[in-house]
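# Architecture at a glance
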Amino acid sequence: MKVTVVGAGAVGASCAEYIAMKNFASEVVLVDIKEGFAEGKAMDLMQCASLNGFDTKITGTTGDYSKTAGSKVAVITSGIPRKPGMTREELIGINAGIVKEVTENLVKHSPDVIIIVVSNPMDTMAYLVHKTSGLPKERIIGMGGALDSARFKYRLAEALDCPISDVDGMVVAAHSDTGMVPLISKATRNGVPVSTFLSQEQMDSVVEETKVGGATLTKLLGTSAWYAPGAAVSVLVQSILCDQKKMIPCSLMLNGEYGESDICLGVPAIIGANGVEKIVEFELNEAEQAKFAEAAKAVREVNGDLKV
Ligand SMILES: NC(=O)c1ccc[n+]([C@@H]2O[C@H](COP(=O)([O-])OP(=O)(O)OC[C@H]3O[C@@H](n4cnc5c(N)ncnc54)[C@H](O)[C@@H]3O)[C@@H](O)[C@H]2O)c1
Ligand SMILES: O=C(O)C[C@H](O)C(=O)O
C-alpha cells in the first residue's frame with residue numbers, strides 16, 4: 001500500500017525512514033515544493049535499503065501530486081518549524097495556507113485517503129483539514145498525543161530510574177506547551193500507580209518536563225525535533241496499514257466526547273484500517289477534566305484565527 005509524505009524536511013524524511021525500515025508499506029512517495037529536494041531525500045533513503053534490509057520503494061517528487069494517486073495514507077509535514085523562544089501557535093500565519101493547499105492536492109488525487117496531520121499548530125491544522133477536505137472525520141488524524149505520550153514515558157522512566165518498557169502513561173488534550181494534559185494519576189509502572197514510587201514534587205516535575213518537551217528540544221537543536229515525531233507517525237501509519245487497532249492518543253474532531261464539540265483535541269482512539277475506528281471515552285478526574293476544558297478554550301481561540 002502506498003503512503004505519501006508531504007514535506008521532505010526533517011520530520012518528513014524521518015517519517016519515510018521509519019516507515020520504510022519497518023517494511024509494512026509497498027511505497028512511500030515524498031513530496032516537497034523545493035526543487036529536487038524530495039527526489040534527493042528519496043534517493044538517499046533508497047540507498048539505505050540494502051544496508052538496512054527493507055523493500056519499501058521510496059520515490060520523490062517536486063509538487064507532482066499525480067505521483068501520490070491512490071495513497072491509502074498521506075502525512076502532512078509541510079510547513080515551517082518553530083525556532084527557540086517561539087510557540088507552535090505563532091506558525092499559523094504561514095502554515096495554514098500551506099496545509100490547506102496540500103490537503104486540496106492530496107484529496108484530488110486520493111479521494112479515499114486517510115490524512116495524518118503533523119504541521120503545527122497541529123490541533124488547529126487538523127481542524128483546518130476537516131474544514132477544507134470534505135473527508136469523513138474518521139479519516140483525519142492529528143499526530144501529537146503519540147509523541148507527547150512517548151515523551152511522558154521517557155520522563156517517567158527517568159524519574160523512576162527504570163526501563164521505559166516498565167512504564168505506561170498517556171497525554172491528552174492539546175499539543176501545546178500549556179495545553180498538554182499528561183495523565184499522571186493514571187500512569188503506572190507495570191500496573192502499579194507511579195505515586196507508589198514518586199513524590200508529589202517528582203510527579204509535578206515529570207508533568208512539567210513533558211509539557212515543554214518540544215520546546216526543550218527546540219532550544220537544544222535550534223529547530224524542532226524529528227526522530228521521535230517520525231517514529232510516532234510510523235506507529236500510526238502501521239496501525240492503519242496493518243489494521244492493528246492500536247489505542248493511540250490522537251487529535252480528533254470531537255462531537256460531545258470529553259464535553260467538547262467542533263474542535264480537534266488529543267483523545268485516545270482505536271486506529272485501524274478505516275482510520276479512527278472508535279474514540280475511547282473514560283473518566284478523567286476533576287482536575288484533569290478542568291485542564292482539558294482549559295486547553296479546548298485556548299485551541300478554540302487559535303482556530304478562530306483561521307479563515308475557514
Ligand atoms: N505534530 C508534531 O508532533 C510535530 C512534531 C515535529 C514537527 N512538527 C511540525 O512539522 C512541520 C515540519 O517540521 P520540519 O522540522 O520537518 O521542518 P522542515 O523545514 O525541515 O521541513 C518542512 C518542509 O516542508 C516543505 N514545504 C513547505 N511548503 C510546502 C508545500 N506547499 N508543499 C510541499 N512541501 C512544502 C519545505 O520545503 C520543507 O522541506 C513544522 O510545522 C513543525 O512544527 C510537528
Ligand atoms: O515543538 C515543536 O515545535 C515541534 C513538535 O510539535 C514537537 O513537539 O516536537
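As the structure is a prediction and not an experimental result, all values here were calculated from the model.

Conventions adopted
Residues numbered from 1 in each chain as written. Chains lettered and ligands numbered in written order. Predicted model: local features only at pLDDT ≥ 70, side-chain atom pairs only at ≥ 80, totals over all residues. Heavy atoms only, no water. Helix = DSSP H or I, 4+ residues; strand = E, 2+ residues; numbered from the N terminus. Expected span 1.5 Å × (residues − 1). Buried < 20%, exposed > 50% of the residue type's maximum accessible area, 1.4 Å probe, protein only. Arc of directions from axis to C-beta. Contact = heavy atoms within 4.5 Å. 1 Å grid on protein atoms, 1.4 Å probe; cavity = no way out; pocket = protein on both sides within 12 Å on 5 of 7 lines; lining within 4 Å. Points joined across faces, edges and corners; volume = space filled by probe spheres on them. Nonpolar A, V, L, I, M, F, W, Y, C, P; charged D, E, K, R; others polar. UniProt positions renumbered as here; feature names shortened; annotations may be inferred. Pairing = 2+ DSSP bridges.

## So, helix α7 (residues 200–211)
Look at α7: 17 Å from first C-alpha to last across twelve residues, which is about the 16 Å you get at 1.5 Å a residue. Listed as buried for α7 are M203, V206, V207, T210 and K211. Summarising the axial view, the buried residues of α7 lie within an arc of 130°, below the 170-degree limit, and thus occupy one face. On its buried face, α7 is in contact with α6 (145–160), β8 (171–173), β9 (180–182) and α8 (213–221).

## As for helix α5 (residues 122–133)
In this model α5 runs 16 Å from its N-terminal to its C-terminal C-alpha over twelve residues, within 8% of the 16 Å that 1.5 Å per residue would give. Buried residues dominate α5, accounting for ten of its twelve residues. Taken as a whole, α5 has its buried residues at M122, D123, T124, M125, A126, Y127, L128, V129, H130 and S133. Phi turns positive one or two residues past the end of α5, at G134, with a value near 75°.

## What about the layout of surface pockets?
There is about 790 Å³ of room inside the largest pocket. Contributing to the lining of the largest pocket are 40 residues, with T77, S78, G79, I80 and P81 lying nearest its centre. Residue assignment for the lining of the largest pocket shows that the elements contributing at least two residues are α1 (10–22), β2 (27–32), α4 (92–109), α6 and α8. For the lining of the largest pocket, the leading source of residues is α4, giving four residues. Here the lining of the largest pocket is composed, by residue class, of 19 nonpolar, 15 polar and six charged.

## A word on the UniProt feature "domain: Lactate/malate dehydrogenase N-terminal" (unreviewed entry) in the chain
Per the UniProt entry, the sites bearing "domain: Lactate/malate dehydrogenase N-terminal" (unreviewed entry) are residues 1–142 in this numbering. For residues 1–142, helix accounts for 40% and strand for 20%, while the C-alpha atoms at its two ends are 21 Å apart.

## Side note on the sheet that holds strand β11 (residues 192–193)
Spatially, three strands are ordered β7-β10-β11 in an open sheet, and the strand pairing comes out antiparallel. Both edges of this open sheet fall to β7 (167–168) and β11, since each of them pairs with a single strand only. In terms of strand pairing, strand β10 (residues 188–189) meets β11 through two bridges, oriented antiparallel. The residue bridging T188 from the neighbouring strand is P193, located in β11.

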